[in-house]
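# Topology and contacts: notes
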Amino acid sequence: MTTTLTLVQGDITRQSADAIVNAANSSLLGGGGVDGAIHRRGGPEILAACRALRASHYGKGLATGQAVATTAGALDARWVIHTVGPVWSATEDRSALLASCYRESLRIADELGARTVAFPAISTGVYGWPMDDGARIALDTVRTARTAVREVRFVLFDDAAHRVFEAAMG
Ligand code: AR6
């Protein structure tokens, strides 16, 4: 089965997809950036589901590189897949953790039966990952993943990020 990779510029909360991936933090209780936007537009159902997950499974938080799904609330999607990206480090190579975010999100998508998945550029905002390296890791990981997802759509927030992904796509 082939997975089609597409790049679009825009706000991920405006996308229609089976699953929308959130660049969350380990608390799962919201934050700024894409996380804040997803909770704002998706409504309180998502936070309620995150709180329930914290209570049932992730009392110490979701580990970096892992992913977990909730309802998508009012978003035009069936699920939000929350994943925790690594904070960029100039002294330590954390790329395996960033790759894990994409791989684990796709694994959860497969468990759910999602066929279209929209990703933001994980860790490239508040967490400081350089966009070109983040794009390369995202594209390499998705290209080599074994998944039944038919379309992986990267939703880049601004024109600069979109151009970087286009260049990395080759
Ligand atoms: N749609 C698509 N992309 C977006 C949107 C949007 N609505 N908003 C921002 N981006 P960030 P991180 C881009 O900071 O670096 C949160 O507080 C943004 O331009 O959202 O993984 C969490 O709670 C950037 O390219 O996530 C964590 O604490 C990319 O999405 C922390 O930030 C990721 O930026 C996670 O940091």
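Each remark here, short or long, concerns the structure printed above.
Residues numbered from 1 in each chain as written. Predicted model: local features only at pLDDT ≥ 70, side-chain atom pairs only at ≥ 80, totals over all residues. Heavy atoms only, no water.

## As for the packing of aromatic side chains
Applying the stated rule across the entire model yields 5 aromatic pairs. When the centroid spacing of 5.2 Å and the interplanar angle of 75° are considered together, the rings of Trp-88 and Trp-129 count as edge-to-face. Highlighted residues: Trp-88 in the loop between β4 (79–84) and α3 (95–112) and Trp-129 in the loop between β5 (116–119) and α4 (131–144), separated in sequence by 41 residues. On the basis of relative accessible area, Trp-88 is assigned to the partly exposed category, the value being 35%. Ring geometry for Phe-119 against Phe-154: centres 5.8 Å apart, planes inclined by 25°, an arrangement best described as stacked. Here Phe-154 lies in strand β6 (residues 151–156) and Phe-119 lies in strand β5, a separation of 35 residues in the sequence. Both residues of the pair, Phe-119 and Phe-154, belong to the buried class. Cluster of aromatic residues (ring-pair linked, three or more members): Tyr-102, Phe-119, Phe-154 and Phe-165. (Phe/Tyr/Trp six-rings, centres within 6.5 Å; stacked < 30°, edge-to-face > 60°. Helix = DSSP H or I, 4+ residues; strand = E, 2+ residues; numbered from the N terminus. Buried < 20%, exposed > 50% of the residue type's maximum accessible area, 1.4 Å probe, protein only.)

## Examining the pattern of salt bridges
The full count for this structure, using the stated rule, is 7 salt bridges. Between Glu-92 and Arg-94 there is a salt bridge, and its shortest N-O distance comes to 3.0 Å. Judged by its relative accessible area of 44%, Glu-92 falls in the partly exposed class. Between Glu-104 and Arg-107 there is a salt bridge, with the nearest N and O atoms lying 2.8 Å from each other. With a gap of 3 residues between them, Glu-104 and Arg-107 both fall in helix α3, about one helical turn apart. The exposure class of Arg-107 is partly exposed, given its relative accessible area of 40%. In this structure, a network of salt bridges that share partners links the residues Glu-104, Arg-107 and Glu-111. (Salt bridge = Lys/Arg side-chain N within 4 Å of Asp/Glu carboxyl O.)

## Regarding the side chain of Thr-13
Inspection of the secondary structure puts Thr-13 in the loop between β1 (4–9) and β2 (19–24). Judged by relative accessible area, which is 6%, Thr-13 ranks as buried. Polar side-chain contacts of Thr-13 include one of 2.8 Å to the side chain of Asp-11. At 3.0 Å, the side chain of Thr-13 and the side chain of Arg-41 are in polar contact. Aside from chain neighbours lying at most four places away, what touches Thr-13 is Ala-37, Ile-38, Arg-41 and Leu-75. (Polar contact = N/O pair within 3.5 Å; in protein donor to acceptor, adjacent residues only side chain to side chain. Contact = heavy atoms within 4.5 Å.)

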